[in-house]
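# Chain and residue survey
Chain by chain, the residues run as shown.
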Amino acid sequence: MQFEMSDDRQMLQDMLRRYLSENYDILHRNAVAYAAPFHDPDRWRALAELGVLQALAPEAAGGFGGEGFDIAAVFEALGGALCPEPVLPVAMAAPLLMAAGSDLETLLDGTRRYGVAIGEAEAPYSLSGRRASHEKGRLTGRKSVVYGGGIAESLLVAARHEGGGIGLYEVDAADAQILPYGMIDGGGAAEVVLEQTPATCLIEDAEAALQEALDFGALALCAEAVGAMDAVQAMLLEYLKTRRQFGVPIGKFQVLQHRAVDLAVEIEQARSITILAASRMKEPDRSRHVAMAKALIGQVAVLVAEEAIQMHGGIAMTWEAPVSHYAKRLVMLDAQLGDRDHHLRRLAAGYANQG
Amino acid sequence: MQFEMSDDRQMLQDMLRRYLSENYDILHRNAVAYAAPFHDPDRWRALAELGVLQALAPEAAGGFGGEGFDIAAVFEALGGALCPEPVLPVAMAAPLLMAAGSDLETLLDGTRRYGVAIGEAEAPYSLSGRRASHEKGRLTGRKSVVYGGGIAESLLVAARHEGGGIGLYEVDAADAQILPYGMIDGGGAAEVVLEQTPATCLIEDAEAALQEALDFGALALCAEAVGAMDAVQAMLLEYLKTRRQFGVPIGKFQVLQHRAVDLAVEIEQARSITILAASRMKEPDRSRHVAMAKALIGQVAVLVAEEAIQMHGGIAMTWEAPVSHYAKRLVMLDAQLGDRDHHLRRLAAGYANQG
Amino acid sequence: MDLSCSPAEQAFQGQVRAFLRDNLPEDLAGKVRGNRPLSREDMDRWHRILSRQGWLGVTWPKAFGGPGWGAVERHIFEEECALACAPRIVPFGPNMLGPVLIKFGSPAQQEAYLPRILSCEDWWCQGYSEPGAGSDLASLKTKAVREGDHYVINGQKTWTTLGQYANRIFCLVRTSWEGKPQQGISFILVDLDTPGIEMRPIRLIEGGHEVNEVFFTDVRVPAENLVGEENMGWTIAKYLLLHERTNIAGIGFSMQAFEALKKLAQEVTRDGKPLSEAEWFATRLAQIETDLAALRITNLRMLSKADKTGAPGPESSMLKIKGTLIRQALTDLSRRALGPGAAALPGTLPDNLGLVPPEHEHDAAVYFNMRKISVYGGSNEIQRNILAKTLLEL
Amino acid sequence: MDLSCSPAEQAFQGQVRAFLRDNLPEDLAGKVRGNRPLSREDMDRWHRILSRQGWLGVTWPKAFGGPGWGAVERHIFEEECALACAPRIVPFGPNMLGPVLIKFGSPAQQEAYLPRILSCEDWWCQGYSEPGAGSDLASLKTKAVREGDHYVINGQKTWTTLGQYANRIFCLVRTSWEGKPQQGISFILVDLDTPGIEMRPIRLIEGGHEVNEVFFTDVRVPAENLVGEENMGWTIAKYLLLHERTNIAGIGFSMQAFEALKKLAQEVTRDGKPLSEAEWFATRLAQIETDLAALRITNLRMLSKADKTGAPGPESSMLKIKGTLIRQALTDLSRRALGPGAAALPGTLPDNLGLVPPEHEHDAAVYFNMRKISVYGGSNEIQRNILAKTLLEL
């Protein structure tokens, strides 16, 4: 057993952190994150040139990573800087395109942006219950909250095929009706309305591939959260040490000390479960470990956000304070790709069959 | 609106408190509570003579109370002294015997002790799912954790009748196989094994009467818990003020202050929900309010017990410290007549029908 | 014990309901129901409607133009208003300054300002907090120095809610540096037109503008604007804190929010079933309904006690703590009911998107905005400190 | 990162499993599985089996008769033992005094006592806490006064676990009243046969006898029984606290308890359905399994770090806090799974009652008994104080 990051990954992560701290500071981030198109094409190209996207796919597919710990290294750094660029769809599109035997070159060099359209309004998290459907090369239905959908050129869409199973289809974004909007925690998403929209079938029975993509996406979100939580903890400790009330730094108050300690404990737990999930991405129990990770991350991230606001007091309620933006991201990412309730219930269903 | 106890009830409660503090102190209580028959016949008679049992039934039935606030006044005092005598079966038997049109005299003067046998091992809380059954004047089945069952002379038993509904039957304890045992939080219960046991049918379709008895019993437990929580809070505050560590009373530590405050807030909430339930015992929404009360009491009582132990430190882990016995009672009463999960789920089921 | 309303209370409740039915504009109620921002005109319109009815200064005695209600009547009024989705009364004039002037103001001040509050001519805001002194009011630094018949004020206030709409501000200022820090504080009224005052918006976490910073540079205020004696500001501030914060538990708001949430849970389907029928969600509804039912009784018990003893005790801190936690739990659960669509940013949504029910487009914003209620007005931590000292005597 | 076991680690794990399979008596495992009290003979039997294998002093270097394991091997050993329901090693001799003597003891002390620990001839107990000093060890009062070549000890110790089985006790005693309170403390070894010692049982909340009070009245102890220098007891106590508390998170115990709970949930039916299929119960299982899976990794990460830096950091306090909370959550959920039958008092149950599964008759007692783990060994509050200071530097 050993728990150090490999040198290669460490180098990539350090480089990415440095790039973001120099080129994507919170002011730039907020300017990009809350106004259409919720995306900075120049910085996006730069991220691609750094190899950030290639780190999300294995060598066989033209990348140089693609393992759980590669995803984790990249997204931890993105989370630390609260970067709103749509890297998540890349992490999810890569396993899908690989499963389909498609070429990943334009995905990994950042020149073609993909949206991964799985969720629907009435079935945001579970694969079952898809209503969008495929018939004779055309898709009909509505896919909901497609992250990065507003700027995507290609959409990878999950839809029921004629046989009742769920297939994976590629749609040219120009052929679909795309309704883009911003997110309260930064970045953009879109509703994708399909009405007899031409589509290419990539995989006929795609449940397994879609579950893999969902798992990779969820792992990415967990790592992003860990990066953001570390940043919040640093801000909080700094604040507790410098902000004075009643004549002393507020970090001297035992109640705040204990609450800060409880957060630190939970953040270590969140880091641990993310490491565990990252280590299982090639194993048969991948989904179960990802569900554990996303469930725990959902709990801890919200706790960290709420407690950080409470302990910062009024200042964290302001737009000007970076912690408020981190808090928003930490709370809202629970609702992406399955919230804590969804994943706990998935895990719970696993006990029934063991009798 | 007014929130004062009526003079009569206040007088009864004061008298009962005084009697218990003089005649049922913690040493006597522990001696009775943990050794067969888990019952003190002399003190029992004295309680009956004080009118404690008569307060649990209305005048029409030979008592002088029987309203929600009467139950609450009596059980709050019993809880404050941690009295292990089987008064609960009286509070539950009274509405059952009244619904059956039976005589309550020997119940209310304490000369005949009743056990109310509703729960079964596989259906401890809900009325549906009874397996004990009635056929031609005889009962067969097993009733589980019948409080006071070890010393009861009469048993009021819920069992399925031939038509599939649930009836109420009276069984002479001498005719049943009774397996008595003690409880970890004091007092005694029994398993009641019925094998073609002769029984008198009191009510053919008794669901409504049984639900009423369960609700009165649950209200009694809520009030008992409030009495016990007040006692624990008093012990805790005393301890926080007198126990010194690191040179100061431990009540000066902000962390313990805030945790004691949170307990105080929750205890007031527990008191409020019990008052609310007591006020609704004659209304159509009685069961719903009792479910709310028992659910909240179950949460708060366990919290108070666990926090009181933690803040007392090691001393609360000892048999010698009264707080340990209060803590045991507060935790275990959640499991009587429906725990917090059971009642929350009952309440939850109510939202589905409102369309 | 008798938890039912007396006939008089029932009649009063009927009167309030009838008034709301007949006078609350549906467009205002709709905005409140949908948690959409109210404009100054919206708020003003509702204030004037209440004023015409004589129900704006709900805590005021009749002699000063108030309705002369007791605590229970105020409670009924506030609960009914909240359930009907009436805009809340902006409290600074009617609920805060009004009672202070009635208790501590000179007859001239009462005559000058009280009628203008009821007539909605004046819109007051509050100058309490300072950047360096959030919950620690005693350490405030904005100073007022007496020069002849004026005070000259220099310093900075913050968290001034709706200051952008106000024409006047009441402030706590330091008039003495001697003795304990609490002792040198005074309470003063300032016209916002006075030269040297600058108000700057603070943008909040969810993007809204409801609070401000106020900068004072050599602001000359007539000495007669001092309320009470010099250096008795702490007494006035404590009076305000303890006696006149009506509806501190926000029961009515939570009851309305709970009803909205229950309705939402019946509307939102998840995997083919309404959320209200999903046990994991419905048990949370049940938990909140239970907590809220208990808090409502706790509130009434304390009101009833306050009516008897003449003043609310430190228990009001309990109402603050639990009331804010329940309100926050409600906003949390609403947001979660909406799934990933909750995160859609209101101002950026295409029309008729239908991603979430229209009345819930602001739920995530409200969730973040409502984090403030456990921070301001004495944070929940401060309330616990107070309770430990006063109620538990630790 | 590589979370898989190395081939050497896998081989070691296989060795431990084989040993347990071949040597752990089923009656002992059954008692542990059912949470039934172990007798002195039970514990002693297991100690001797381990001793024969050379695995009793798990933290000891080979030179002193230990196995010379690293942190990961110790972790594997402890986890496997717990999963197999082996009795835990009573830690006072092998895990506490042994390492202290190895680090601070004189050669004579090492020679006299270490072999007797491994041979199970000595059963040590601990004299740390005093009635007035629970978590505040610095304030302890039991005094040892030097008289010639003896120390004369007077005072009282408490919470002496399994002292009723011990023949020796190691104590922290006050040897000086000068300087800071920590500075005047010494660490001394006492034969329990020495005149003037009285041991009295303390009955615990659930009725069990596992701790004691020890009274010292003019107890004369040879001066050579002092470990280290006079007044260096605090250093030794801290060493013990930081370096030698193996398995502080109790992961293995929790893993075993979780498996038992999962099995219980499949056995207990409630209204016609096993609890494991009831979503409200199964989600709690999932929560605990998740917390525990995370803590296991947290533990391994910290072990791995400690193996590199040579000493565990303050992070071990994290393991204590979270480990105890998870163990308590497990006992809580077990008790609740049993419904009202959980309350049945073990000693009073008729034979073959079948009220709850036989292995779970003690679950409520265990729940109450396990409240102690967040109190003793430095309460969780003390651990948070330590972490605030050392890790967060607040």
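Since we're looking at a predicted model, the values are computed, not measured.

## As for the confidence of the model for chain C
All names here are of chain C. Summing up the model confidence of chain C, the mean pLDDT is 94 and the portion of residues at 70 or higher is 98%. Averaged pLDDT values for the elements of chain C fall to 85 in helix H7 (residues 233-243) and rise to 98 in strand S6 (residues 197-203). Prediction confidence for the complex, expressed as pTM and ipTM, is 0.97 and 0.96 respectively.

## With respect to the interface of chain A and chain B
Taken together, the contacts link four residues of chain A with four residues of chain B. Of all residues in chain A, the largest losses of buried area upon contact with chain B belong to Gln254, Val255 and His258 of chain A, amounting jointly to 89% of the total for that side. In the side of chain A that touches chain B, the residues fall into two nonpolar, two polar and no charged.

## What about the relation of the copies chain A and chain B?
Superposition of chain A onto chain B requires a rotation of 180 degrees combined with a translation of 0.0 Å along the rotation axis, giving an RMSD of 0.0 Å. When the rotation and shift are considered jointly, the pair of chain copies conforms to a two-fold rotation axis. In terms of C-alpha distance to the rotation axis, chain A has Val255 of chain A as its closest residue, with the C-alpha 2.4 Å off the axis. In this assembly the copies share their binding face: 100% of the residues contributing to the interface of chain A also contribute to that of chain B.

## A word on the domain arrangement of chain A
All names here are of chain A. Taken domain by domain, chain A consists of domain 1 (7-108), domain 2 (114-205) and domain 3 (208-354). For domain 1 and domain 3, the distance between their C-alpha centroids amounts to 20 Å. Taking both sides of the interface into account, the surface hidden between domain 1 and domain 3 amounts to around 2,000 Å²; carbon and sulfur atoms contribute 76%. Three residues, Phe69, Leu82 and Met92, lead the burial of domain 1 against domain 3; their summed loss comes to 22% of the area buried on that side. Along the contact surface separating domain 1 from domain 3 lie one salt bridge. Taking the shortest distance from any N to any O, the salt bridge between Lys282 and Glu67 comes out at 3.3 Å. Across the contact surface, domain 1 and domain 3 share five residue pairs in polar contact (both at pLDDT 80 or more). It is helix H4 (residues 68-81) that provides the largest number of residues to the side of domain 1 that touches domain 3, a total of nine residues. Across the side of domain 1 that touches domain 3, the residue classes tally to 14 nonpolar, five polar and three charged.

## Remarks on the nonpolar core
Counting 364 residues, the largest nonpolar core has Phe75 and Met229 of chain A, Phe75 and Met229 of chain B, Phe281 of chain C together with Phe281 of chain D as its most contacted members. Those residues in contact with Met229 of chain A that sit more than four places away from it in its chain are Ile267, Ala270, Ile297, Val300, Ala301, Val304 and Leu330 of chain A. The next biggest cluster of nonpolar side chains, apart from the first, holds 72 residues, and it includes Val16, Leu101, Cys171 and Leu172 of chain C.

## Focus on the pairing of strand S3 (residues 138-147) of chain A
Residues and elements named next belong to chain A. Looking at chain direction, strand S2 (residues 133-135) and S3 are connected through three bridges and run antiparallel. Bridge pairing links His134 to Leu139 in S3. Linking S2 back to S3 in an antiparallel pair, the connection comprises two residues, with Lys136 at a positive phi of about 50 degrees. Looking at chain direction, S3 and strand S7 (residues 188-198) are connected through seven bridges and run antiparallel. Paired with Arg142 across the strands is Val193, a residue of S7.

## Observations concerning helix H3 (residues 41-50) of chain A
Residues and elements named next belong to chain A. For H3, the set of buried residues is Trp44, Ala46, Leu47 and Ala48. Residues of H3 that are buried sit in contact with helix H1 (7-23) and helix H5 (88-99). N-cap assignment for H3: the residue whose side-chain oxygen lies 3.0 Å from the backbone N of Asp42 is Asp40. In the stretch just after H3, Gly51 is the one whose phi turns positive, near 95 degrees.

Quick notes on the rules
- Residues numbered from 1 in each chain as written.
- Chains lettered and ligands numbered in written order.
- Predicted model: local features only at pLDDT ≥ 70, side-chain atom pairs only at ≥ 80, totals over all residues.
- Heavy atoms only, no water.
- pLDDT = per-residue confidence, 0-100.
- Helix = DSSP H or I, 4+ residues; strand = E, 2+ residues; numbered from the N terminus.
- Contact = heavy atoms within 4.5 Å.
- Buried area = accessible area lost by both parts, 1.4 Å probe.
- Nonpolar A, V, L, I, M, F, W, Y, C, P; charged D, E, K, R; others polar.
- Least-squares fit on C-alpha atoms with pLDDT ≥ 70 in both.
- Domains from an automatic or database assignment.
- Salt bridge = Lys/Arg side-chain N within 4 Å of Asp/Glu carboxyl O.
- Polar contact = N/O pair within 3.5 Å; in protein donor to acceptor, adjacent residues only side chain to side chain.
- Core = buried A, V, L, I, M, F, W, Y, C linked by side-chain atoms within 4.5 Å.
- Buried < 20%, exposed > 50% of the residue type's maximum accessible area, 1.4 Å probe, protein only.
- Pairing = 2+ DSSP bridges.

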